[in-house]
Amino acid sequence: MANYLAQFQTIKSSCDRVVIAVEDVSDLWLNVRQSFEQRLPVKKACLNNKARNPVFVENLPAEFIQTTDSRLRSRFPQEQYLFWFREPYATVVLVTCEDLDEFKTILKPRLKLIVQNDEREWFIVFVSKAHPGNDQATKMAKKVYARLETDFNTKRRERCCKFDLHGTDADFWDDFDSKMVDCIRNTLDRRVQFYEEENRKLSEQRFTPIWNFCNFFILKESLAFMFEVTNLHEDSLREYDELELCYSESVNLPGKHREFGGLDTGDDQAALLNPGFKALTQIIQDDVFREFEFRQYIFACQAKLLFKLSRPVEVAARGYAFVVGFSKTLALHENALPFCFREVWVITACLGLIKSTSAQYDNGIVAIDSEKEFHRLQGDLYSLCRVKFMRLAYLIGYGVEIEKSPVNSASLSMLSWPKPATWPSIPPDSSAEIMTKEKITLQAKPREKLFNIQRKPLPLEPSFLLREANRRRAFLSVGNMSELYDSVDGSGLDAHSKLPSNKSSSNLMIRTMSGPATSETSLPVDRPMRLSEIHVAAEHALKQTISDPDFMTSLSSPEEFENRYMELTKGAADNYHRSWWKRHGVVLDGEIAAIFFKHGNYDLAAKSYEKVCALYSAEGWEELLADVLPDLAECQKILNDEAGYLASCVKLLSLESSLFSSKERQAFQSEVVRLAHSEMKHPVPLDVSSLITFAGNPAPPLELCDGDPGTLSVAVWSGFPDDIALESLSLRLSASSSADEGLKAIKSSDARVLVPGRNIITFAIPPQKPGSYVLGALTGQIGKLSFRSHGFSQDGPVDTDEFMSFEKPTRPVLKVRKPRALVDITPAVSSALLMNELQWIGLIVKPIDYSLKGGILHIDAGAELKIEESQMIEIESYRSNGEQSGPTDASKALSSSSEPGRVEKVPIENGKIKLPDWASDVTTLVWFPVRAIDDTIARGTSPASPLKHSIVDGMRMIALKLEFGAFHNQVFERTIAVHFTNPFHVSTRVVDKCNDGTLLLQVILHSEVKATLHVKDVSLDLQAGFEHLGNGDGRPTSSLFPLVIAPSSRAGILFVIRLSGTKDLDELENSDSMMTIKYGISGDRTTGAHSPVPVKPDDSEELLFKISLKLKRPVLDPCLAVGFLPFSTDCLRVGQLVNMKWRVERLKDLDEASLPDDEILYQVDANPQNWMVAGRKCGHISFSKAQGSRIEIAVTCVPLVSGYVHPPQLGLPDVGEANVSCNPAGPHLVCVLPPTLSTSYCIPA
């Protein structure tokens, strides 16, 4: 089967579409060809993939070929078996017939013969030539087509369709496409099954001696190619993946030696995207393909399919992995390949992948994640190509042109040298080239950095090239050769530069005699090749390896190398910037900046260096930053960018001190000081957050009250190597609850000199608003330059003072309390004091962790309250039973215990009291006299006339204001309520009525104060209608005076009175009785009411209290009786009329009753929501004056709501309540039922 490999490749290159055979039975193809071919490619087709799942394919490529064509008839059976994928997938049989007999005798047998092959998928197209105007021909054509359908259609499948030459129906083309796709699908399924079976048989023989990979390859790729032709690219890709895996297993099997390949001209150029770069017959050996060419061929087929699937990202991903993996495979065969073949192949492979994937990617639209991943892969390809390219440049002597940066050193120092079997020898007539290389090497000097910073150059080689190259020269032994010295800095100077001067002439002779490695001019055994000779030999060997002239041009000169190096570096950086790996792009920007700097393009170099420094600073890579930041500073200095140059110097100072010497750091500081004291054109505030840091005191935060000043100590760390003088230093605080800095800067008192390390700076804090404050920013001035620092240091022990953190601290350094916690003033007594008497009011003044020294208490008496300023104010120490000194209040406890009962009298002026100094830290009790004024006369109560008391009666308000603090900036305000009351509450009741009309009146005295009252005398002046019995002096019947009444107790006094005749009803109702009580009081001001404060020395202690009493005539002998008569019905309903009746009866004669004339006014009171009165609510009735006269009053009402409601009430406004007796009394509630149901609107069922 391997003999058909060439034919297989030829067929594959020429067969790129599905073949549809045309069996032209009636010579109709020329008539219908154009119409049929216009249907290609097939717009939509539903095919089955390898897993027998339906897949919709668009634009299926197809081609109509007649069965008489030589392309179908000149095939041998064996070829058809091997290359079944190129056989027709469907057969279209074109027939026509205009006579039914002709169809039966001629056409039908011929069709039976054509379609008898079961392996061929076919369908019949009946072409009707009948003109639409010829009805007879049309009918005959229909009859023939009907007969054709009957003979060749089955229940499972319809195989016939009709095509009209003179007017094609649109449904025909749908039917035609459907039948054609069915045939293609069935054929494809049958062939896939055949190839799978054959592949399975061959796979089972994989580990047997008769295994032939070439046979397996032809069958496997035939299946893959068949999938590719039918646009089933996913299945085709899967077949190539399986083929690659099978080849990997086969090539690694132990056995006879196989050629690897890669020795032909042009093999150095990777062919990852060109599957036809070599014929398959050229890369086969003993039925196995050479690994070098075949692996690239398989990847090229895979990439072609992935591009058809619009997946360039996957091509890039697979390509990068393939390049890395195949590079390792090339390393295993490196000694059999040309010099640096692996590096050249990797470079060309990466460039080819970059070019092809970029072109395919630009034509499509992908998701953002896929886009970033694609650019990441592009950056990796560029980066890999760049590293390999630098390795080739270093080999030919361009190492001095490569920047010895950390990224280049890390890449090249881990990249091994080429490992040829023998290192290339020096070509003939190369003395001039060697001299040139040596001259370039000797003239190369490292660039001096700013501030004379000395750094050991980073290596760009895994091991010294001089030793590696000579070690691989088979005819030399380097074990004892003293010439294998190399320069310490790796700059490329060879060993002879270290030899003594007396050997220089002999060395020069040896160098000039260097020539090709022949038997006559080869180097002597005692002297290995010098570095310049190694470069020349490597360059000539590369010219033999590289077949691409453009590639070789990029290595022809340092300028060309730099251009290509710049192109690769920019490509990698740009793609990394557009991917997730932006940091890689920034690092490569540093390499671009080095080239810009080299050519004097300082502006672009500074911009790139700034991005690199920002990345290194953010990541905390200080060693890398120390390598790049001096270059940025040099660019800024050349560009006269004073602000940027100053910031770079500060950043250099803020780096770890071990990265620079003391002399270098002093040079940084001198530049900062020089610029700070010079006249800058555009001065800007300098951010020194990384150089000058600060932190609060590790002790608890400073606590102040609202409006109080204070002193705050702040630890400031200086990163300068020497002392530095500051013209000013200020601190900003920020509230921890808000994001703004907001507060005014707090300046330090004097100019400061910061020493290296820790400095303690004190700041005078002005009054601040309540809240918690953290350190915000440190500002100051060095010379004429203002600076600002946001760098915060972590608090910790002394050995960690240098540990800095740039995160904003959360621990506050200052807490400003609210006024509530400074002092508290409360009344000393909560019980009532005497009204209209001078009483002591006590105020408990309690400082709360704050001194009241120099405080002034303002007392503003409210309305009906007067302060007696003629009296001295008493201030005494106060200590409640539960108050104890805590451990933090030792001073207060001491002062309180040293003077436990101290009392001091101070004057009060205009309501102001100055607190003494001894009362500043202890709780004190301030007593001051006040008088509550009430001009109204107190009133007593009785069961007939109860009196309602309000809680606010007797309340008086006192406004207090305490000013204290160092500057009297603290103010405490409070309004307290003081309760004043009368000494007694008096109530009366008639305890008995004698037969002679005498009344026993009991007067009850209730004590209203928490003090003992001494009643010395009581007199009662009765109102009109009442009179005393006896001598009539108004005194009680008993004389038990003085009467002592304990606090909250009561006592009763009995008077004997009687009714007196009067006809003036108004006088009887409006007059009051007046009681006068002479009393004394024994109380303590600490508990409540007490003896009044004497204003004059001769003031009497006897007090006088007057109260009015309202006496009403008893209802024991009424004049009129009002009775409620029962309802006429027991069932009251809403909406029904109800008669309310009352009976009024005169109980006494007119003369005795003292009532008005014979007409009496009545009034009916009813709730309008419950009752509607259907008549007069009030009126006059004539009433006989004779005793026993009766009259009835009737009112008609309508209840409005159901339930238990209050009935209407009858009232006699002109008759006093004492003269009316309700007998029988009216009901309290009456029951009202809902209205009866109404059937007026009911509809019968």
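Residues numbered from 1 in each chain as written. Predicted model: local features only at pLDDT ≥ 70, side-chain atom pairs only at ≥ 80, totals over all residues. Heavy atoms only, no water.

Labelled according to an unreviewed UniProt entry, the protein chain appears under the name Trafficking protein particle complex subunit 11 domain-containing protein, originating from Brachypodium distachyon. Database annotation for the protein chain, UniProt heading Subcellular location (unreviewed entry): "Golgi apparatus". (UniProt positions renumbered as here; feature names shortened; annotations may be inferred.)

Moving on, we come to the side chain of Asn199. For Asn199, the position within the fold is in helix 7 (residues 170-204). Each residue touching Asn199, except ones within four places of it in the same chain, is listed here: Phe216, Leu219, Lys220 and Leu223. (Helix = DSSP H or I, 4+ residues; strand = E, 2+ residues; numbered from the N terminus. Contact = heavy atoms within 4.5 Å.)

So, on to the nonpolar core. Of all hydrophobic cores here, the largest spans 228 residues; its most connected members are Val125, Phe217 and Trp345. Beyond its immediate chain neighbours, meaning those up to four positions away, Trp345 contacts Asp267, Asp268, Ala270, Leu272, Phe292, Gln296, Phe322, Val323, Phe326 and Leu330. Core analysis: the second largest hydrophobic core is formed by 36 residues, Leu833, Ile841, Phe928 and Leu960 among them. (Core = buried A, V, L, I, M, F, W, Y, C linked by side-chain atoms within 4.5 Å. Buried < 20%, exposed > 50% of the residue type's maximum accessible area, 1.4 Å probe, protein only.)

Okay, the pairing of strand 47 (residues 1159-1165) next. Burial along strand 47 is one-sided: Ile1160, Tyr1162 and Val1164 are buried, and none of Glu1159, Leu1161, Gln1163 and Asp1165, which face the opposite way, are. For strand 47 and strand 49 (residues 1178-1182), the ladder comprises five bridges, and the chain directions are antiparallel. Looking at the pairing, Glu1159 lines up with Ser1182 of strand 49. Pairing analysis gives three bridges linking strand 47 to strand 52 (residues 1209-1211), with the strands arranged antiparallel. Bridge assignment links Gln1163 to a residue of strand 52, and that residue is Gly1211. (Pairing = 2+ DSSP bridges.)

At the junction of Leu40 and Pro41, the peptide bond is cis and its omega measures out at -10° in the coordinates. Residue position: Pro41 is located in the loop between helix 2 (29-37) and strand 2 (42-48). Phi at Asp429 takes a positive value of approximately 55°, unusual for a residue other than glycine. Within the element layout of this structure, Asp429 appears in the loop between helix 14 (406-413) and helix 15 (431-443). Take Asp429: its relative accessible area is 78%, and that puts it in the exposed class. If you check the backbone angles, Ser1048 has positive phi at about 60° while not being a glycine. Structurally, Ser1048 can be placed in the loop between strand 40 (1043-1045) and strand 41 (1050-1059). Classification of Ser1048 as exposed rests on a relative accessible area of 62%.

Taken together, the side chains of Glu98, Asp99, Asp101 and Glu102 define an acidic patch exposed on the protein surface. If you trace the backbone, Glu102 turns up in helix 5 (residues 100-114). (Patch = residues over 30% accessible without salt bridge, like charges linked within 9 Å, V, L, I, M, F, W, Y side chains within 5 Å. Areas by Shrake-Rupley, 256 points an atom, 1.4 Å probe, with all protein chains shown as cover. Salt bridge = Lys/Arg side-chain N within 4 Å of Asp/Glu carboxyl O. Lys, Arg positive; Asp, Glu negative; His and termini not counted. Charge placed at Lys NZ, Arg CZ, Asp CG, Glu CD.)

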